[in-house]
Amino acid sequence: MNNIIEQLNPYLPSKAIARVSEYEEMTYDIIDEETDEEIGSYSVNEHGELVSFSLFDETTQGDVVKGEIAGIAEKFLKTFHPTKKEYELSAILDLENPYMVVYEKRDETYGLFLHSMGFVVSVSTAGQVTQFHFTEEEYEIQNDDQVITKEEALEQYIDQLDFALVIEHYDHEVYKNGDSKYHLSYSLIEHVTDIPVDGSEPFSILEENIGESKIPLQEPSNKSVYELVGITPECKLIDVLKEEGKKTELWTKLESIDSSSFEMDEPDNHVVKLTFDEKTGDLLGVISGEESENDGEEISLEDAKKKAIDFMFNLFPNTNERFRLEVLEEFDDEEEFEDDEVDEEYEGESDLEEEFEGDLDMEDEDVDEEEYIEHEQTYTFYFHLYHQGIRVDQHVSTLDIGKFTGKITNFDLDIPAPELYTHLLTSSKISYDEAKEIYKNQLEMELVFTREYDENEKAIYKLSYSPSFPTTVGHVRAIDAMTGEAMFVDVGDATFL
């Protein structure tokens, strides 16, 4: 593959050579000739053509503008695929360094691009090609005799969608016209993504909703948060950190702990971590790394649910008003089967483990292998935040209950500051039907190809009508329930041809 690396060298940050990959067929590591470091990789197909390329270093910034990006991508394609002139420039997406340049085939009959087949070239603002991918497959275009009109497709699509009245954060990083405040909002619920041109029933994408149940009012228990979490008199406080308005405590039953961190993302072995709001003293999070044999008699899901609700009432005496409960379904048998498979897989990879451990020893002889312990299996409960009967969207507190001890093994409170949303009215000025009409007025249905595969893995392209929003930068995903403003997502600086 000397020819490919020679062709690639003008596009690389330094002079390089190619070495056959030890892990994948038809794949080559790109090695810096001076430092002998691996700086990227590429792969070829059975014809020796370049099908993928990637540089490993972080993308550097530069001053190349969008108008110059397509020319750089075009030059790269002419170097490696000069004969494939049937692929046309179809889109340039600004991903805030790099840009993604897309080339696809255009169907002659309808003039539409066959998406997901062709070239993708990523180019940084420094003018460096950072990634490349080529996809080509056997395909067939299915022509439909009966074709409904755009207007008929629009009515069918509108009939299939729904709105939920929620309190929503119009984050400006998500919504192009958002103000990063909370609003009473009609949030879009899509049942379908496209309408087949033959007028047949569209495929539903709406997943079955298990639903959230109301929580009956009850009195808080007499137990403290520490008791519910499992902090007993035999536990000792080993460290405390006060930072950014939070206080984090580390507890253990052991005499000493070699190492531990205040990070709440992952458990530390034998350590229970609790985080509190330093000002109010409210519990914000729990994560337990206590060891468990996972044996004995399991508590029932109902008993675990009661413990979860008891815990929430200890934190919030008005839990019945502030939350709705969703219970994660159990798949014990499947999980057990998967665990067995994983165990067998790892049993067969002892040589690889030894090799990996050997590498660690060579890198640092003082590094000890991390102790592996079992943590308790759990039931998981989701507490969705509500305000005066209206769901505060995207704010869900997670609570795990140990299946054997009934202890709180993980808790993550997700509640925005009350002043951000509790002042909002929960009676909309815009009706449901008005919201749907506002959405409809922003919408057009455009003819596109959708793709599926037959039993022989052949790609079958079919004509469909897909929603588009010509007057906004991105798709409308919500309607402000007080003003009627259509809120559209930010898809960045994208050019579609």
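Each value, and the rule that gives it
- Residues numbered from 1 in each chain as written.
- Predicted model: local features only at pLDDT ≥ 70, side-chain atom pairs only at ≥ 80, totals over all residues.
- Heavy atoms only, no water.
- Phe/Tyr/Trp six-rings, centres within 6.5 Å; stacked < 30°, edge-to-face > 60°.
- Helix = DSSP H or I, 4+ residues; strand = E, 2+ residues; numbered from the N terminus.
- Buried < 20%, exposed > 50% of the residue type's maximum accessible area, 1.4 Å probe, protein only.
- Salt bridge = Lys/Arg side-chain N within 4 Å of Asp/Glu carboxyl O.
- Contact = heavy atoms within 4.5 Å.
- Pairing = 2+ DSSP bridges.
- Patch = residues over 30% accessible without salt bridge, like charges linked within 9 Å, V, L, I, M, F, W, Y side chains within 5 Å.
- Areas by Shrake-Rupley, 256 points an atom, 1.4 Å probe, with all protein chains shown as cover.
- Lys, Arg positive; Asp, Glu negative; His and termini not counted.
- Charge placed at Lys NZ, Arg CZ, Asp CG, Glu CD.
- Core = buried A, V, L, I, M, F, W, Y, C linked by side-chain atoms within 4.5 Å.
- Axes fitted to C-alpha atoms, helices over the stretch in contact; angles between N-to-C directions.
- Left-handed = near helix turned anticlockwise from the far one by under 90°.
- Nonpolar A, V, L, I, M, F, W, Y, C, P; charged D, E, K, R; others polar.
- pLDDT = per-residue confidence, 0-100.
- Arc of directions from axis to C-beta.

Turning our attention to the packing of aromatic side chains. A complete count under the given rule lists 25 aromatic pairs for this structure. Ring geometry for F163 against Y439: centres 5.8 Å apart, planes inclined by 80 degrees, an arrangement best described as edge-to-face. You can see F163 sitting in strand 10 (residues 162-169) and its partner Y439 sitting in helix 9 (residues 432-441), a full 276 residues away along the chain. Comparing F163 with Y439 shows no difference in burial state: the two are buried.

Attention shifts here to the pattern of salt bridges. The tally for this structure, following the rule as stated, stands at 15 salt bridges. K84 serves as the salt-bridge partner of E49, at 2.7 Å between the closest nitrogen and oxygen. Residue E49 is located in the loop between strand 3 (38-44) and strand 4 (50-55), and its partner K84 is located in the loop between helix 2 (66-80) and strand 5 (87-94); the two are separated by 35 residues in the primary sequence. Between D393 and R391 there is a salt bridge, and its shortest N-O distance comes to 2.4 Å. The exposure class assigned to R391 is partly exposed, which follows from its relative accessible area of 23%. A single network of salt bridges, built from pairs that share partners, joins E138, E140 and K458.

For the rest of this paragraph, the subject is the side chain of S21. Position of S21 relative to the elements: it lies in the loop between strand 1 (16-20) and strand 2 (27-32). Those residues within four positions of S21 in sequence are excluded, and the remaining contacts are T27, Y28 and D29.

Two faces make up the sheet, and in a regular strand the side chains alternate between them. Burial analysis of strand 6 (residues 99-106) places six of its eight residues in the buried class, which makes it a mostly covered element. Alignment of strand 5 against strand 6, held across seven bridges, turns out to be antiparallel. Its bridge partner lying in strand 6, Y87 is registered against K105. As defined by bridge partners, strand 6 adjoins strand 7 (residues 113-123) across seven bridges and the pair is classed as antiparallel. From the neighbouring strand, M100 faces strand 7, where its bridge partner is S122. Between strand 6 and strand 7, which follow one another and run antiparallel, lie six residues, and G111 among them has a positive phi close to 70 degrees.

Examined bridge by bridge, strand 1 and strand 2 share five bridges and lie antiparallel to one another. Residue pairing for strand 2: A16 is matched across the bridge by D32. Between strand 1 and strand 2, which follow one another and run antiparallel, lie six residues, and M26 among them has a positive phi close to 60 degrees.

With that out of the way, let us pick up a negative patch on the surface. Residues D258, E291, E293, D295, E371 and E374 make up a contiguous surface patch of negative charge. Inspection of the secondary structure assignment puts D258 in the loop between strand 14 (246-252) and strand 15 (271-277). Overall, D258 belongs to the exposed group, its relative accessible area being 83%.

Within the largest apolar cluster, 70 residues are counted, with the highest numbers of intra-cluster contacts made by L274, F311, F383, F411 and Y439. The element best represented in this core is helix 5 (residues 301-315), accounting for seven residues. Setting aside chain neighbours within four positions, we find F383 in contact with I215, A308, I309, M312, F323, R324, L325, H395, V396, S397 and L399. Listed in part, the 33 residues of the second largest apolar core include Y28, I39, A73 and Y103.

The next point concerns the packing of helix 3 (residues 150-160) against helix 9. Across the interface, helix 3 lies against helix 9 with an axial gap of 11 Å and an inter-helix angle of 140 degrees. Regarding helix 3 and helix 9, the two cross each other, and that crossing is right-handed. Note on element contacts: helix 9 touches helix 3 through K436, Y439 and K440, opposite L154, E155, Y157 and I158. Taken together, the residues that form the contact of helix 3 with helix 9 break down as four nonpolar, no polar and three charged.

Turning next to the confidence of the model for the protein chain. Across the protein chain, pLDDT averages 87, with 89% of residues at or above 70. Long-range and interchain partners of residues 332-368, a stretch whose pLDDT sits below 50, account for three contacts in this model, where long-range means more than four residues apart.

Before going further, it helps to spend a moment on the environment of K246. Structurally, the position occupied by K246 is in strand 14. Of the residues examined, K246 reaches a relative accessible area of 42% and is grouped as partly exposed. Setting aside residues up to four positions removed in sequence, K246 forms contacts with L241, T275, F276, E278 and L284.

This next bit is on helix 9. Given 3.6 residues to a turn, an α-helix orients residues that are three or four positions apart in the same direction. Among the residues making up helix 9, those that are buried are A435, K436, Y439 and K440. Here the buried residues of helix 9 occupy an arc of 140 degrees about the axis, which is enough to place them on one side. Residues of helix 9 that are exposed and point more than 90 degrees away from the buried face comprise D433 and N441. Of the surrounding elements, those touching the buried residues of helix 9 are helix 3, strand 10, strand 11 (182-189) and strand 23 (476-480).

The omega angle of the peptide bond from N97 to P98 is 10 degrees, so this bond is cis rather than trans. As for its placement among the helices and strands, P98 is situated in the loop between strand 5 and strand 6. Residues other than glycine seldom take positive phi values, yet E96 does so here, at roughly 55 degrees. By the secondary structure assignment, E96 is in the loop between strand 5 and strand 6. At H270, a residue that is not glycine, the phi angle is positive and equals roughly 70 degrees. The residue H270 is located in the loop between strand 14 and strand 15 in this model.

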